[in-house]
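What follows is each chain in one-letter form.
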Amino acid sequence: MKSTLLSLLRTGEGEFVSGEKISDQLGCSRTAVWKHIDALRKEGYTVEAAPKKGYRLAGEPDTLSVHQLKSRLPEPSFVKDILHYPSIHSTQETAHLLASEQAEEGTIVLADEQTKGKGRLGRQWHSPPETGIWMSLILRPDIEVRSAPQLTLLTAVAVVRGIKESLGLDPEIKWPNDILFNGRKAAGILTEMQAEPDRVHAIIVGLGLNVNQDYFPDELADIATSLRLEKGEKVSRTDVLEAILKEWDWLYRMFLKEGFSSVKPLWEAHALTMGKEITARTPRETLKGVAVGIDDAGVLLLRTKDGKLHHIYSADIEV
Ligand code: BTX
């Protein structure tokens, strides 16, 4: 009944469809039609009603369809399982828990809302309901502990290429973990590890991507953006996520086979920071200089005025 009603409303292509036509086609009373319309509204559809005109479908919810996602991924895919939660503290926390309980590589934790989304260094990640891609990937690559940050850079490449593929937009990467449009942050990546000094047990890559927000709270209003704001129209989270996971799939395979050097040129092609005057705030010091590039391990190379080349492993960057 619901899908017939929806397709009927969609045939109106934004115009009104009469209540009479709907009740005829559904074979039910006008009161029953009204009840079905009400049920659609509760699911997030915007249906306008006007006397003598009928009903008009003015907006559809952006539901993340895991079923659709799974069916659209390549076979075989690195994605082994997708756990989808309507609301959760943090996909990162849940993924950590699952990883310590032996969840296999390729398990994805996805949420429509995070109530305690986290960024680096205990910062918060704003993750309002049904507007973004809030997800964590569990990986178990056979790599050295010091190579783990390379997965942040690989993920940034997958996100940028996935956005380009699905929407034709061209964001930039700010080393190490931000995806920006004209200096405003659309996504952040958080890579964490469960490891012994010489062995990686699991790497959890968290991605927060703003998709359909049309406004941000005051503290983010000047620094954040979303795909919807950049594209000028509502965007399907499922389509964007599908494109990102497809990009991720082949990049990760290439990374495991050939190492980070194969990903590096793709990263450089989208990097905002390269060749620019930057300030790097590391946990120990603040350095100003020119970002010369990244080395084969993904470490940022910064040349200060005195000609000295610094290797930056972790920092907040200002361009
Ligand atoms: P970060 O530490 O580089 O950035 C965090 C900073 O970004 C915040 O202090 C704030 O200024 C700003 N910020 C917070 N929320 C947003 C937002 N929605 N859009 C733009 N800017 C924002 C970046 O950390 C890594 C974020 C990873 C988030 C994912 S979501 C799925 C997974 N689960 C989880 O709890 N975290 C990760």
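Conventions and cut-offs
- Residues numbered from 1 in each chain as written.
- Predicted model: local features only at pLDDT ≥ 70, side-chain atom pairs only at ≥ 80, totals over all residues.
- Heavy atoms only, no water.
- Pairing = 2+ DSSP bridges.
- Helix = DSSP H or I, 4+ residues; strand = E, 2+ residues; numbered from the N terminus.
- Axes fitted to C-alpha atoms, helices over the stretch in contact; angles between N-to-C directions.
- Contact = heavy atoms within 4.5 Å.
- Patch = residues over 30% accessible without salt bridge, like charges linked within 9 Å, V, L, I, M, F, W, Y side chains within 5 Å.
- Areas by Shrake-Rupley, 256 points an atom, 1.4 Å probe, with all protein chains shown as cover.
- Salt bridge = Lys/Arg side-chain N within 4 Å of Asp/Glu carboxyl O.
- Buried < 20%, exposed > 50% of the residue type's maximum accessible area, 1.4 Å probe, protein only.
- UniProt positions renumbered as here; feature names shortened; annotations may be inferred.
- Polar contact = N/O pair within 3.5 Å; in protein donor to acceptor, adjacent residues only side chain to side chain.

Now for the sheet that holds strand β9 (residues 199-210). Across a sheet, paired strands are connected by hydrogen bonds in the backbone, their directions being either parallel or antiparallel. Strand order in the open sheet formed by seven strands is β3-β4-β5-β9-β8-β7-β6, and the pairing between neighbours is mixed. The open sheet terminates on both sides in strands that have one partner only, identified here as β3 (81-85) and β6 (172-174). Across the sheet, the axes of successive neighbouring strands diverge by a mean angle of 20°, strand direction being ignored. Direction of pairing for strand β4 (residues 107-111) relative to strand β5 (residues 132-139): antiparallel, over a ladder of five bridges. Counted as the bridge partner of T107 is I138 from β5. In the packing of helix α9 (residues 237-258) onto the sheet, contacts are made with β4, β5 and β9, and the angle to β5 comes to roughly 25°.

Now for a nonpolar patch on the surface. Taken together, the side chains of V290, V292 and L309 present a nonpolar region at the surface, about 200 Å² in accessible area. Note that V290 resides in strand β11 (residues 286-294). By relative accessible area, which is 31% here, V290 ends up partly exposed.

What follows concerns the pairing of strand β13 (residues 309-312). Of the two faces of β13, only one is covered, namely that formed by H310 and I312; the face formed by L309 and H311 stays uncovered. Where strand β12 (residues 300-303) and β13 come together, four bridges link them in antiparallel fashion. Considered in β13, the bridge of L300 is made with I312. In this structure, the hairpin formed by β12 and β13 is closed by a connection of five residues, where G307 is found at a positive phi of approximately 90°.

Moving on: the UniProt feature "binding site: biotin" (unreviewed entry) in the protein chain. UniProt's feature table lists "binding site: biotin" (unreviewed entry) at Q114 and K185, given in the numbering used throughout. Position of Q114 relative to the elements: it lies in the loop between β4 and β5. Not counting residues within four places of it along the chain, the set of residues in contact with Q114 comprises I88, H89, S90, T91, Q92, W125, S127 and W134. Of note is the side chain of Q114, whose polar atom sits 2.8 Å from the backbone nitrogen of T91. By relative accessible area, K185 is classed as partly exposed at 27%. With sequence-adjacent residues up to four places away left out, K185 is seen in contact with W125, D178, I179, L180, N210, I223, A224 and T225. In this structure the side chain of K185 is engaged in a polar contact, spanning 3.3 Å, whose partner is the side chain of D178.

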